[in-house]
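Residue-level listing of the chains:
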Amino acid sequence: MARQADEQLAVSRVHLPKQTVERPLRQVTKRLLLALFVLVLTVLIVWLDRGGYYDNADQKVDFLDAVYYSTVTLSTTGYGDIVPHSDSARLINVLLVTPLRVLFLIILVGTTLEVLTERTREEWRLNRWRSTLRDHTVVIGFGTKGRSALLTLCATGLQKAQVVIVDPSSKVIEAANADGFTGVIGDATRSDVLLRAEVQRARQIIIATQRDDTAVLVALTARQLNRGAKIVAAVREEENAPLLRQSGADAVITSASAAGRLLGLSVLSPYAGTVMEDLIQQGSGLDIVERPVIKSEVGKNVREVEDLVVSVLRGHRLLGYDDPEASPLQLTDRVITIVRATKALPGAVRGGGNAKPE
């Protein structure tokens, strides 16, 4: 039961990216060296002013007595067998030795204080994260599909601070934290796990689970918690795509079929397969971009636009470039074009944006 409680506690926590810190052994070594420096400095101060100190044993202070006095003074033991009796020695104790004593104690207990304050600092970071997180992206499943989708989004300017990853594997979340992403360990079919990822305030949700039935349950739960978010999901089998759409997914990608079609296309025409792979890979070569129609393009035919227009999004209708209704272009339209990866346009969304088939 204790083990289950510990596992439940680990699952229930949000794992923020780790801040860059030094290795523990290096931290301890630096603190020990600093403490040794303080001790040596105190011994030197006492030795140089040894005439102002009085030893009850033999009335004089030698080097060993200076080391002994510095040690017991910095540790606040203070046996009283060696004491400063001159005004200069007492003044030096007030102005120099006492601050060194405080610094010495701070160094020694610094590690303990850091451990005690780490939980408070982590809670503060978590509360601040929750209060500032809005319109973020939740990626459910950080395998090959989830990583590839996230790399594509980050290539278009998505900040890592605006991403939350949900995965049942603690090792996967540790890898995500190492990459700078916030992670939540748990089963995404459970609403409490998605609530820890603040899915109710997310702008878009990517479902990249390993199983199709899991993807359906996640889509149902996510849509119940957030009615307005855009949900994109991946399935292995094409026959499960309609079920996933009924569960609340706005777009469904059949990974096995898409890979198979790309393989077949590459067999028939290797160059065509290369072009399609280039279009899929964002940030290099050619990219598919969704952007608004600019004023200079209003009233023109789609073939007259400088960019290569593939489709026109008018309202919720997706019109092909050869559709007679696609021309002339209207100011409220959005066009899906093929452009060079280095060409950035205002309001552009790579990869098709929010387009939905008619």
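Please read all numbers here as calculations on a predicted model, not as lab measurements. (Residues numbered from 1 in each chain as written. Predicted model: local features only at pLDDT ≥ 70, side-chain atom pairs only at ≥ 80, totals over all residues. Heavy atoms only, no water.)

### Regarding the UniProt feature "transmembrane region" (unreviewed entry) in the chain
So, step 1. UniProt's feature table lists "transmembrane region" (unreviewed entry) at residues 32-48 and 91-116, given in the numbering used throughout.
So, step 2. With 100% helix and 0% strand, residues 32-48 has its two end C-alpha atoms placed 24 Å apart. (UniProt positions renumbered as here; feature names shortened; annotations may be inferred. Helix = DSSP H or I, 4+ residues; strand = E, 2+ residues; numbered from the N terminus.)

### Some details on the side chain of Asp212
So, step 1. With respect to the helices and strands, the residue Asp212 is situated in helix H8 (residues 212-225).
So, step 2. Despite its burial, Asp212 remains without a salt bridge, the nearest opposite charge being carried by Arg236 at 5.4 Å.
So, step 3. There is a polar contact of 2.8 Å between the side chain of Asp212 and the backbone nitrogen of Arg236.
So, step 4. Within the structure, the side chain of Asp212 is placed 3.1 Å from the backbone nitrogen of Glu237, a separation counted as a polar contact.
So, step 5. Each residue touching Asp212, except ones within four places of it in the same chain, is listed here: Val235, Arg236, Glu237 and Asn240. (Buried < 20%, exposed > 50% of the residue type's maximum accessible area, 1.4 Å probe, protein only. Lys, Arg positive; Asp, Glu negative; His and termini not counted. Salt bridge = Lys/Arg side-chain N within 4 Å of Asp/Glu carboxyl O. Polar contact = N/O pair within 3.5 Å; in protein donor to acceptor, adjacent residues only side chain to side chain. Contact = heavy atoms within 4.5 Å.)

### Points about unusual backbone geometry
So, step 1. In this structure, the amide linkage connecting Ser327 to the following residue, Pro328, adopts the cis form with an omega of 0°.
So, step 2. Tracing the backbone through its elements, the reader meets Pro328 in the loop between strand S12 (317-320) and strand S13 (334-340).
So, step 3. Positive phi, close to 50°, is recorded for Asp135, a residue that is not glycine.
So, step 4. On the secondary structure map, Asp135 appears in the loop between helix H4 (87-132) and strand S4 (137-140).
So, step 5. Of note, Glu198 is a non-glycine position whose phi angle comes to about 55°, a positive value.
So, step 6. Tracing the backbone through its elements, the reader meets Glu198 in the loop between helix H7 (191-196) and strand S7 (204-207).
So, step 7. Judged by relative accessible area, Glu198 falls into the buried class, the value being 7%.

### Observations regarding the sheet that holds S4
So, step 1. Read from one edge to the other, the open sheet built from 7 strands follows the order S1-S6-S5-S4-S7-S8-S9, with strand pairing classed as mixed. Every other strand in the sheet has two partners, leaving strand S1 (14-15) and strand S9 (251-254) as the edge strands with one partner each.
So, step 2. Those strands touched by H8 are S4, S7 and strand S8 (230-235), and its axis lies near 170° from that of S8. (Pairing = 2+ DSSP bridges. Axes fitted to C-alpha atoms, helices over the stretch in contact; angles between N-to-C directions.)

### Description of a nonpolar patch on the surface
So, step 1. Residues Leu34, Phe37, Leu41, Leu44 and Leu48 make up a contiguous nonpolar surface patch of roughly 490 Å² in combined accessible area.
So, step 2. Checked against the element boundaries, Phe37 lands in helix H2 (residues 24-48).
So, step 3. Its relative accessible area of 52% is what places Phe37 among the exposed residues. (Patch = residues over 30% accessible without salt bridge, like charges linked within 9 Å, V, L, I, M, F, W, Y side chains within 5 Å. Areas by Shrake-Rupley, 256 points an atom, 1.4 Å probe, with all protein chains shown as cover.)

### Considering the pattern of salt bridges
So, step 1. One pass over the structure, following the stated rule, counts 12 salt bridges.
So, step 2. Here Asp179 and Arg147 are joined by a salt bridge, their closest N and O atoms 3.6 Å apart. Of this pair, Asp179 sits in the loop between helix H6 (170-178) and strand S6 (182-185) while Arg147 sits in helix H5 (residues 144-155), and the two are 32 residues apart along the sequence.
So, step 3. The exposure class assigned to Asp179 is partly exposed, which follows from its relative accessible area of 31%.
So, step 4. By relative accessible area, which is 34% here, Arg147 ends up partly exposed.

### Examining the environment of Arg147
So, step 1. Sequence-wise, Arg147 and Ile165 are 18 residues apart; in three dimensions their C-alpha atoms are separated by 10.0 Å.
So, step 2. Excluding residues that lie within four positions of it along the chain, Arg147 makes contacts with Phe142, Ala175 and Asp179.

### Focus on the environment of Asn226
So, step 1. For Asn226, the location among the structural elements is in the loop between H8 and S8.
So, step 2. Asn226 sits in the buried class, given a relative accessible area of 7%.
So, step 3. It is 9.7 Å that separates the C-alpha atoms of Asn226 and Ile205, two residues lying 21 residues apart in sequence.
So, step 4. Aside from chain neighbours lying at most four places away, what touches Asn226 is Val199, Gln200, Arg201 and Ala202.

### Considering the packing of aromatic side chains
So, step 1. If you walk through the whole model with that rule in mind, you get 3 aromatic pairs.
So, step 2. For the ring pair Trp47 and Phe63, a centre distance of 5.8 Å and an interplane angle of 80° mean the geometry is edge-to-face. On the criterion of sequence distance, the pair formed by Trp47 in helix H2 and Phe63 in helix H3 (residues 63-74) is long-range, its members being 16 residues apart.
So, step 3. For Trp47, a relative accessible area of 27% corresponds to the partly exposed category.
So, step 4. You can call Phe63 partly exposed: its relative accessible area is 48%.
So, step 5. Between Tyr53 and Tyr69 the ring centres are 5.1 Å apart and the planes differ by 65°, which places this aromatic pair in the edge-to-face class. Taken together, the residues Tyr53 in strand S2 (residues 53-55) and Tyr69 in helix H3 connect sequence positions 16 residues apart. The burial state of Tyr53 is the same as that of Tyr69; both residues are buried.
So, step 6. Seen from the ring of Trp47, Arg50 lies directly overhead, with NZ or CZ sitting 3.8 Å from the centre.
So, step 7. In this arrangement the basic side chain of Lys160 is found over the ring face of Phe181, its NZ or CZ atom lying 5.5 Å from the centre. (Phe/Tyr/Trp six-rings, centres within 6.5 Å; stacked < 30°, edge-to-face > 60°. Lys NZ or Arg CZ within 6 Å of the ring centre and 35° of its normal.)

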